[in-house]
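Observations on the three-dimensional arrangement
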Amino acid sequence: MKKLKWLILTLPVFTLCAQAANYESPDLRRGEEVYKASCATSYCHGVGGMTAGAPRLAARDFDVAYIAQVISNGVPDTTMAGFVNTLESNDLLAVMTYVASLNGIMNPDFSPTDPLASLGISVPNPKQKILSGTPLEGRELFFDAYEKGIKRCSTCHEIEGMGIPVAAPIQNVPTSINDLRKLITPQVVEISVLNDTMPALILKRTAEGIQFYDLTVAPPVLRTISELTNVTFKEGKSWQHVNVMQAYSENELEKLLIYLQSVVE
């Protein structure tokens, strides 16, 4: 995959964005909804394809094949995950169409029956197990970008090669919902920077600075503080994992546990 595609190019952004925003089609509107739910987070891409934690997508001169390749398979060795195994085919087509519109392609030639034909896309995910019944329902809930939005589990957890690895890999699955609610997060501390205090999931802490996820809002915001002179740390925190589980009902949590027990070795 060409690394030059990820360089920031000096192309007219706003003209294309306005054109895409005013282009009326069901696929485009649905694609924008899928994009907002799955891609436009503080540590990924920005709204309308603008820059955020990841590079901008608008006005990058991407072609149809490249858009399909990256959205489907992701980018190796980055946090850009592929969506071919997590989005339904219609939604995958829609978000491809939306990203294409951000690059001035108004009617991309994606086949509605096989959108990845002749594009060199590898559909199977070698890390994904074949599931059915309740475990499959649990997987769908884990990655549910529509009803759960940013409150879905995969906003912070990666499993089967999918999701965002904000938290450490899941290794020990609780045996009950009660145990799930009692999960502690030992990496989370309270950080005070000047007059600002926040719960933080520490990624890297050295004498030169600290990198962490600010858990004040969802999705968590990746922050870096280069100097530790005015930073204080306090073990123990008000943030609890149970607070971010409220998007799921008791029945859904049961299905999530069954899914995790089926795939975590």
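Residues numbered from 1 in each chain as written. Predicted model: local features only at pLDDT ≥ 70, side-chain atom pairs only at ≥ 80, totals over all residues. Heavy atoms only, no water.

Turning our attention to the overall build of the chain. Along the chain, the regular secondary structure elements total seven helices and seven strands. Considering the chain as a whole, with its 265 residues, one finds that 44% of them fall into the buried category. Restricting to contacts in the chain with at least 6 residues of sequence separation, those with at least 24 account for 60%. Element-wise, carbon and sulfur atoms account for 54% of the exposed surface of the chain, whose accessible area totals about 14,500 Å². (Helix = DSSP H or I, 4+ residues; strand = E, 2+ residues; numbered from the N terminus. Buried < 20%, exposed > 50% of the residue type's maximum accessible area, 1.4 Å probe, protein only. Contact = heavy atoms within 4.5 Å. Areas by Shrake-Rupley, 256 points an atom, 1.4 Å probe, with all protein chains shown as cover.)

Under the definition given, this model contains four aromatic pairs. Considering the side-chain rings of Phe-62 and Tyr-66, the 5.0 Å spacing of their centres and the 40° angle between planes classify their relative orientation as tilted. Using a relative accessible area of 11% as the deciding quantity, one classes Tyr-66 as buried. In textbook terms, an aromatic cluster arises when at least three aromatic residues are bridged by ring pairs, as seen for Phe-142, Phe-143 and Tyr-259. The aromatic ring of Phe-233 is capped on one face by Arg-205, whose charged end is 3.7 Å from the ring centroid. (Phe/Tyr/Trp six-rings, centres within 6.5 Å; stacked < 30°, edge-to-face > 60°. Lys NZ or Arg CZ within 6 Å of the ring centre and 35° of its normal.)

Turning our attention to the pairing of strand S4 (residues 196–205). Where strand S3 (residues 188–193) and S4 come together, six bridges link them in antiparallel fashion. Looking across to S4, one finds that Val-188 is bridged to Leu-201. Joining the antiparallel neighbours S3 and S4 is a turn of two residues, in which Leu-194 adopts a positive phi near 55°. Alignment of S4 against strand S5 (residues 210–214), held across five bridges, turns out to be antiparallel. Within S5, the position partnered with Ile-202 by the bridge is Phe-212. Counting the residues that bridge the hairpin from S4 to S5 gives four residues. (Pairing = 2+ DSSP bridges.)

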